[in-house]
Amino acid sequence: MQNKTFYNEILTEHNLHPEHKHALDDANLVLEGVNPSCGDDIWLKLKVENDIVVDGAFEGDGCAISQASADIMLDLVIGKTKDEALKLADLFLKMIKGTVTDEELEELEEASVLQDISHMPARVKCAVLGWHTMQEMLDEKD
Amino acid sequence: MRADRKKDFPLLRDNSIVYLDTAATSQKPECVLKAESEFYEKYNANPFRGIHELGEMATEKYEEARQTVQEFIHAKEPEEIVFVRNATEALNLVAYSLGSEILKPGDEILVSIMEHHSNLLPWQQAAKRTGAKVVYLECTQDGHFTEEAFQKAISDHTKIVAMTHVSNVLGCKNDLKTFAKIAHEHGAVFVADGAQSVPHMSVDVQDLDVDFLSFSGHKMFAPMGIGVLYGKRALLEKMPPFLCGGEMIDSVTREGAVWAEVPHKFEAGTVNAAGACALAEAIRYIEKIGFDTVEETESRLTKLAMEGMKQIHGVHVVGSPKAEDHHGIITFTLDGVHPHDVASILDADHIAVRAGHHCAQPLLKHLGISSATRLSLGIYNDEEDIHAFLKSLAEIRRQMGYAE
């Protein structure tokens, strides 16, 4: 059946086989993010050295949108500097608010599959959970 | 077969939506919408105050509505019907007002684990204020309270028992009559939540012999913002007011006040008279259809849905496997798919269901699940709605990337 859901292949793939969903024993930044409306509950773990996100992972449970979004985010930010990661988070939130430009959207790569979530206010919190959690972690270090 | 009933409901008539969320709130028939606007168009004045023609008519309409509710739930007298905003407010009123009157340190409030948060949190707060203790009555996995379990949980310290008539998650109906009798033998007051029963089945408060019964108008075709607390007169008279202010006093001095008679003692401030008139019209609408037809329709569709769901890989119905235990409420999980994703995918097919913890977190925890999806039926639903739901549900796992 064809319908207008945004549960496309990229999203379901990241949900069913999340590359970054595992323990990360040498993480030096760990924070829990909770979305009470869906009951999403993730633990985001980052290893940051010399202002570079050298590794990252998440654990926990939640809906497909929260899980896939966190996995896609880690794909994007691992290997980037803190500032680059925070800039991507800004772009992601701009995309959700619907104020992103086409060029900015390209920088978000796979994360752009979540663009349509802006039409579903009830699910926005699921999509931004990982990103908000990362912002809090990286901002706090300053 | 498309139910003719849909034509009574403007939203369903002019919309392709498959509405399966009646336990959250029902759709409103045209006659109810008209009754509400008719009050404002023809009778609008502040009831009980104006010494003028309109004021008297407004009062008369409001009191007529009270009588309609009284007869609908078979209360002994209209004074036992208190108009409130919704079931939540009704239960807060009882917990606050009755709680402050009868609870002392060491007393127990026996609350069923099946309760909606609205029949749980007010009791937790009452316990905190008075030093009483909340004790939980647990149900079996299929949503059953045994008489033995009830006898074991109740004691002579039990002052209040709080129990829902029909569970908003499991759909099961509790034997209020039996449990109220046992509660009374222990000298306890029995507070029932009728939010999910009163709209769907004939309820006789005198036969059940419950001391209080709460329900919301908006779940039974009436507008949001009008609800009912039924209470036995002797208890209502004993209780202090919940809210204080206008039109709930006999006289006021600098030092204090003499409260008005029941039910006005509990209806402080300007009342929702238009809502009460609309609720009375909703009751007339239900009575015109008849509870026999309501129950027959809802149980036929429940059975159809449950049989179809059984054929779909990964679907698990929460509670009893028997359709007759569900009263139009079917809560389920789908293996590997979060309930909010289930609801979003159904929504893309214009099917409205509820997903989440259903304001009953302790119950879900007791059942060993964290959240679930719920479909709930109303008189306007038909076979087409169920088929559309089943067709969409059957595709969800594949859409989420599973092989079947």
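Here the structure is a predicted model, which means the values were calculated and not measured. (Residues numbered from 1 in each chain as written. Chains lettered and ligands numbered in written order. Predicted model: local features only at pLDDT ≥ 70, side-chain atom pairs only at ≥ 80, totals over all residues.)

## Structural notes on the overall build of chain A
Part 1: When helices and strands are counted, chain A shows 5 helices and 3 strands.
Part 2: Counting from the amino terminus, helix and strand elements in chain A follow one another as α-β-β-β-α-α-α-α.
Part 3: Whereas a compact globule of 142 residues would reach a radius of gyration of roughly 14 Å, chain A reaches 14 Å, a difference of no more than 12%.
Part 4: For chain A, the spread of C-alpha atoms along the principal axes amounts to about 45 × 30 × 25 Å.
Part 5: When the 142 residues of chain A are sorted by exposure, 39% land in the buried category.
Part 6: Taking the intrachain contacts of chain A between residues at least 6 apart in sequence as the baseline, contacts between residues at least 24 apart amount to 61%. (Helix = DSSP H or I, 4+ residues; strand = E, 2+ residues; numbered from the N terminus. Rg over C-alpha atoms; globule rule 2.2 N^0.38 Å. Buried ≥ 20, exposed ≤ 12 C-beta atoms within 10 Å, placed from the backbone. Contact = placed C-beta atoms within 7 Å.)

## Comments concerning the overall build of chain B
Part 1: Counting secondary structure elements, chain B contains 14 helices and 15 strands.
Part 2: In terms of C-alpha radius of gyration, chain B reaches 22 Å, essentially the compact-globule figure of 22 Å for 404 residues.
Part 3: Counting only C-alpha atoms, chain B reaches 75 × 55 × 35 Å along its principal axes.
Part 4: Burial status across chain B gives 52% buried among its 404 residues.

## Thoughts on the domain arrangement of chain B
Residue and element names in this part refer to chain B.
Part 1: Domain assignment breaks chain B into domain 1 (4-20 + 290-399) and domain 2 (32-286).
Part 2: One C-alpha centre belongs to domain 1, the other to domain 2, and the line joining them spans 28 Å.
Part 3: On the domain 2 side, the residues contacting the 21 residues of domain 1 number 22 residues.
Part 4: Among the secondary structure elements, those contributing two or more residues to the side of domain 1 that touches domain 2 are helix H11 (291-310), strand E12 (329-334) and helix H13 (361-367).
Part 5: Grouping the amino acids of the side of domain 1 that touches domain 2 by side-chain chemistry returns 10 nonpolar, 8 polar and 3 charged. (Domains from an automatic or database assignment. Nonpolar A, V, L, I, M, F, W, Y, C, P; charged D, E, K, R; others polar.)

## Let's talk about the UniProt feature "domain: NIF system FeS cluster assembly NifU N-terminal" (unreviewed entry) in chain A
Part 1: Residues given the UniProt feature "domain: NIF system FeS cluster assembly NifU N-terminal" (unreviewed entry) here are residues 7-125 of chain A.
Part 2: Along residues 7-125 of chain A the backbone is 39% helical and 23% strand, and the end-to-end C-alpha distance reaches 16 Å. (UniProt positions renumbered as here; feature names shortened; annotations may be inferred.)

## Observations regarding the UniProt feature "domain: Aminotransferase class V" (unreviewed entry) in chain B
Part 1: The sites that UniProt annotates as "domain: Aminotransferase class V" (unreviewed entry) are residues 18-389 of chain B.
Part 2: Taken end to end, residues 18-389 of chain B has its terminal C-alpha atoms 8 Å apart, with 40% of it in helix and 17% in strand.

## Details of the sheet that holds strand E5 (residues 158-164) of chain B
Residues and elements named next belong to chain B.
Part 1: Taken together, the 7 strands give an open sheet; going across it, the order is E2-E8-E7-E6-E5-E3-E4, and neighbouring strands pair in mixed fashion. Edge positions in the sheet fall to strand E2 (81-84) and strand E4 (133-137), since each of these pairs with one other strand and no more. Neighbouring strand axes in the sheet, compared pairwise and without regard to direction, differ in orientation by 20 degrees on average.
Part 2: Bridge analysis of strand E6 (residues 189-193) against strand E7 (residues 212-216) gives 3 bridges, and the strand direction is parallel. Looking at the pairing, valine 191 lines up with phenylalanine 212 of E7.
Part 3: In the packing of helix H7 (residues 176-185) onto the sheet, contacts are made with E5 and E6, and the angle to E5 comes to roughly 175 degrees. (Pairing = 2+ DSSP bridges. Axes fitted to C-alpha atoms, helices over the stretch in contact; angles between N-to-C directions.)

## What about the interface of chain B and chain A?
How big an interface is tends to be reported as the loss of accessible area on association of its parts.
Part 1: At the junction of the two partners, chain B supplies 14 residues and chain A supplies 15 residues.
Part 2: Sorting the residues of the side of chain B that touches chain A by element identifies helix H12 (339-348) and helix H14 (383-399) of chain B as the ones contributing at least two each.
Part 3: In terms of residue count, H12 of chain B provides more of the side of chain B that touches chain A than any other element does, 5 residues in total.
Part 4: Class assignment of the residues belonging to the side of chain B that touches chain A gives a composition of 3 nonpolar, 8 polar and 3 charged.

## As for the sheet that holds strand E15 (residues 372-376) of chain B
Residue and element names in this part refer to chain B.
Part 1: The 4 strands lie next to each other as E11-E12-E15-E14, forming an open sheet whose pairing is antiparallel. Every other strand in the sheet has two partners, leaving strand E11 (315-317) and strand E14 (354-356) as the edge strands with one partner each. Across the sheet, the axes of successive neighbouring strands diverge by a mean angle of 30 degrees, strand direction being ignored.
Part 2: For E14 and E15, the ladder comprises 3 bridges, and the chain directions are antiparallel. Bridge pairing in E15 places glycine 356 opposite alanine 372.
Part 3: Against the sheet, H12 engages E12, E14 and E15, with an angle of about 160 degrees to E14.

## Description of the nonpolar core
Most often, soluble globular proteins keep nonpolar side chains buried together rather than apart.
All names here are of chain B.
Part 1: Ranked by internal contacts, the top residues of the largest apolar core, which has 162 residues, are Val161, Leu279 and Ala282.
Part 2: Broken down by element, the residue count for this core peaks at 11 residues, all from helix H10 (residues 273-289).
Part 3: Of the residues that make up this core, three or more belong to each of domain 1 (4-20 + 290-399) and domain 2 (32-286).
Part 4: In this structure, alanine 282 is in contact with Val32, Gly217, Met220, Phe221 and Ala222, ignoring residues within four places of it in sequence. (Core = buried A, V, L, I, M, F, W, Y, C linked by C-beta atoms within 7 Å.)

## Points about the pairing of strand E2 (residues 40-49) of chain A
Taken residue by residue, a regular strand's side chains alternate between the two faces of the sheet.
Residues and elements named next belong to chain A.
Part 1: Sheet topology places strand E1 (residues 29-35) next to E2; 7 bridges connect them, and they run antiparallel. Residue pairing across strands places valine 34 opposite aspartate 41, the latter belonging to E2.
Part 2: Two strands pair when backbone bridges link them, and E2 and strand E3 (residues 52-61) are joined in this way by 9 bridges, in the antiparallel orientation. In the sheet register, isoleucine 42 faces E3, and the bridge partner there is glycine 60.
Part 3: Where E2 folds back on E3, the antiparallel hairpin that results is connected by 2 residues, among which asparagine 50 adopts a positive phi of roughly 50 degrees.

## Focus: the confidence of the model for chain B
Part 1: When pLDDT is averaged along chain B, the result is 95; 99% of the residues meet or exceed 70.
Part 2: Model confidence for the complex: the whole-complex pTM is 0.92, and ipTM, which rates the interface, is 0.87. (pLDDT = per-residue confidence, 0-100.)

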